[in-house]
Amino acid sequence: MRRAVSKAIFPVAGLGTRFLPATKSIPKEIMTLVDRPLIQYAIDEARAAGIKEFIFVTSRGKSALEDYFDWAPQLEAELRRKGKTELLEILKSTTMDSGAIAYIRQQKPLGLGHAVWCARRLVGNEPFAVLLPDDVIAAEKPCLQQMVEAYQETGGNIIATMEVPDERTDAYGILDADEDMGTLVSVRGMIEKPAPGQAPSNLAVIGRYILTPPVMRHLNRMRAGAGGEIQLTDAIASVIGAGGKVFGYRFRGQRFDCGSKAGFLQATVAFGLARDDLRDDFAEYLREITALGRAAQ
Ligand code: G1P
């Protein structure tokens with residue numbers, strides 16, 4: 001057996017300007033799909049994959065995230081007094097064991113690679129996961145768990161991937177595939193946000209990674225790349241140059257881009273329809289408005 005992947009980094013320092021004015025006072029990771037904040041989906045997925053230590057790379061204005069994962073004694077006492085056991089149960093998923101969660105500040109917005117590098121001392125010389133909470137993935141077996149299994153088999157760096165339309169390559173890291181083995185794709189290079197027509201493939205990086213210690217070491221030396229930022233994509237690509245193995249992993253599941261308004265709305269509809277307590281009425285409502293061909297005003 002290879003060393004277990006027990007640490008995960010959650011880069012949550014971004015300003016979330018695409019969701020202004022909401023993100024003027026709440027971190028975008030606290031925005032809710034139905035009734036659970038985005039970050040809760042990422043945490044649950046990491047837990048299911050066996051992650052024990054959760055490292056948040058935050059920035060100014062993100063204290064609501066720290067409060068969210070804190071014990072809330074007053075609220076719990078009140079719910080207990082009222083006999084609301086179901087709600088107490090729901091709250092359990094939001095509390096963390098002492099010492100299981102750490103917050104580090106990324107003082108300057110220098111890019112995703114830099115955010116990950118900020119966690120280097122907490123990660124140490126171990127394989128680690130990175131989850132970007134904007135990418136929400138609905139799957140029977142949680143995506144990161146699928147990837148941990150692939151890591152146990154291959155020992156290489158594993159990057160979630162899916163095909164995107166040719167004209168969308170400039171929104172993603174793109175893989176240069178070496179050998180396509182179906183679920184796994186061995187990778188010989190990676191480019192961050194290539195212009196349409198200049199991409200080596202249409203296999204896009206989705207925000208789930210299992211990375212090995214050399215990636216962190218390469219981040220020590222990285223300079224600004226695409227968009228003037230220190231890119232995680234570049235550090236992973238340079239590991240390939242140094243003989244490291246990198247695989248794209250075609251996960252089974254549906255990914256929602258909750259970094260965009262359209263993606264967030266789609267996820268809201270999909271997760272609403274997946275809920276036993278909402279499905280019937282909500283589906284009925286959707287049928288009505290689509291049949292009438294008009295949206296709610
Ligand atoms: C980041 C990564 C990019 C990846 C994307 C997935 O970009 O830099 O390689 O494809 O996440 O969501 P961002 O969306 O933060 O610009």
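Note that this is a predicted model, so its numbers are computed, not measured.

Trainee: Looking at this structure, how should I read the site of the ligand?
Mentor: Near the ligand there are 13 residues, and of these Asp135, Gly173, Glu192, Lys193 and Val205 occur at the shortest range. One of the side-chain nitrogen or oxygen atoms of Glu192 is found 2.7 Å away from an oxygen atom of the ligand. Across the complex, the protein chains shield 75% of the 380 Å² of accessible surface that the ligand would expose by itself. No other element matches the 3 residues that strand β11 (residues 203-211) contributes to the shell around the ligand. Classifying every residue of the shell around the ligand gives 5 nonpolar, 4 polar and 4 charged.

Trainee: So what exactly am I meant to see when it comes to helix α7 (residues 143-154) here?
Mentor: Every α-helix winds through 3.6 residues per turn, so residues three or four apart in the chain are directed the same way. With 12 residues, α7 should reach 16 Å at 1.5 Å per residue; the first-to-last C-alpha distance of 17 Å fits that figure. Along α7, the residues classified as buried are Cys143, Leu144, Gln146, Met147, Val148, Ala150, Tyr151 and Thr154. At the exit of α7 stands Gly155, carrying a positive phi of roughly 75 degrees.

Trainee: Please explain the side chain of Thr233 as it appears in this structure.
Mentor: Along the polypeptide, Thr233 turns up in helix α9 (residues 232-241). Setting aside residues up to four positions removed in sequence, Thr233 forms contacts with Gly173, Met190, Ile191 and Glu192.

Trainee: Would you mind going over the pattern of salt bridges with me for this structure?
Mentor: Side chains bearing opposite charge may pair, as long as their charged atoms lie close to each other. A full pass over the atoms with the stated rule returns 23 salt bridges. We note a salt bridge from Arg80 to Glu76, for which the minimum N-O separation is 3.4 Å. Remark: Glu76 and Arg80 occur in helix α3 (residues 73-81); sequence separation between them is 4 residues, near one turn of the helix. Looking at Arg80, the relative accessible area reads 52%, which means it is exposed. Residue Arg250 pairs with Glu163 through a salt bridge whose shortest N-O separation is 3.1 Å. Of this pair, Arg250 sits in strand β12 (residues 246-250) while Glu163 sits in strand β8 (residues 157-163), placing them 87 residues apart in sequence. Arg250 sits in the partly exposed class, given a relative accessible area of 22%. Connected via shared salt-bridge partners are Arg3, Lys7 and Glu126.

Trainee: Which parts of the structure should I look at to understand helix α1 (residues 38-48)?
Mentor: Among the 11 residues in α1, 8 count as buried, and that is most of the element. Listing the buried residues of α1 in full gives Leu38, Ile39, Gln40, Tyr41, Ala42, Ile43, Glu45 and Ala46.

Trainee: Help me out: how do you make sense of the nonpolar core in this one?
Mentor: As a rule of thumb, soluble globular proteins bury nonpolar side chains together. Counting 39 residues, the largest nonpolar core has Phe10, Phe54, Phe56 and Leu144 as the members making the most contacts within it. Ranked by residue count, the leading element in this core is α7, at 6 residues. Those residues in contact with Phe54 that lie beyond four places of it in its chain are Ala8, Phe10, Ile43, Ala46, Arg47, Met96, Ala100, Ile101 and Ala102. Listed in part, the 33 residues of the second largest apolar core include Val116, Cys118, Ile159 and Ile236.

Trainee: I tried to follow the side chain of Gln231 on my own but got confused; where do I start?
Mentor: In this structure, Gln231 sits in the loop between α8 (213-219) and α9. For Gln231, the contacting residues outside a window of four places in its chain are Gly113, Glu192, Leu219 and Ala226.

Trainee: Explanation requested: the packing of aromatic side chains in the structure shown.
Mentor: Two numbers describe a pair of aromatic rings. These are the distance of the centres and the angle of the planes. Applying the stated rule across the entire model yields 8 aromatic pairs. Look at Phe10 and Phe54: their rings are 6.1 Å apart centre to centre, the planes differ by 20 degrees, and that puts the pair in the stacked class. Of the two residues, Phe10 is situated in strand β1 (residues 7-11) and Phe54 in strand β4 (residues 53-58); the sequence distance between them amounts to 44 residues. We classify Phe10 as buried; its relative accessible area is 0%. By relative accessible area, which is 3% here, Phe54 ends up buried. Following the ring pairs from residue to residue traces out a cluster consisting of Phe10, Phe54, Phe56, Tyr68, Phe69 and Tyr103.

The rules behind these values
Residues numbered from 1 in each chain as written. Predicted model: local features only at pLDDT ≥ 70, side-chain atom pairs only at ≥ 80, totals over all residues. Heavy atoms only, no water. Near = heavy atom within 4 Å. Polar contact = N/O pair within 3.5 Å; in protein donor to acceptor, adjacent residues only side chain to side chain. Areas by Shrake-Rupley, 256 points an atom, 1.4 Å probe, with all protein chains shown as cover. Helix = DSSP H or I, 4+ residues; strand = E, 2+ residues; numbered from the N terminus. Nonpolar A, V, L, I, M, F, W, Y, C, P; charged D, E, K, R; others polar. Expected span 1.5 Å × (residues − 1). Buried < 20%, exposed > 50% of the residue type's maximum accessible area, 1.4 Å probe, protein only. Contact = heavy atoms within 4.5 Å. Salt bridge = Lys/Arg side-chain N within 4 Å of Asp/Glu carboxyl O. Core = buried A, V, L, I, M, F, W, Y, C linked by side-chain atoms within 4.5 Å. Phe/Tyr/Trp six-rings, centres within 6.5 Å; stacked < 30°, edge-to-face > 60°.

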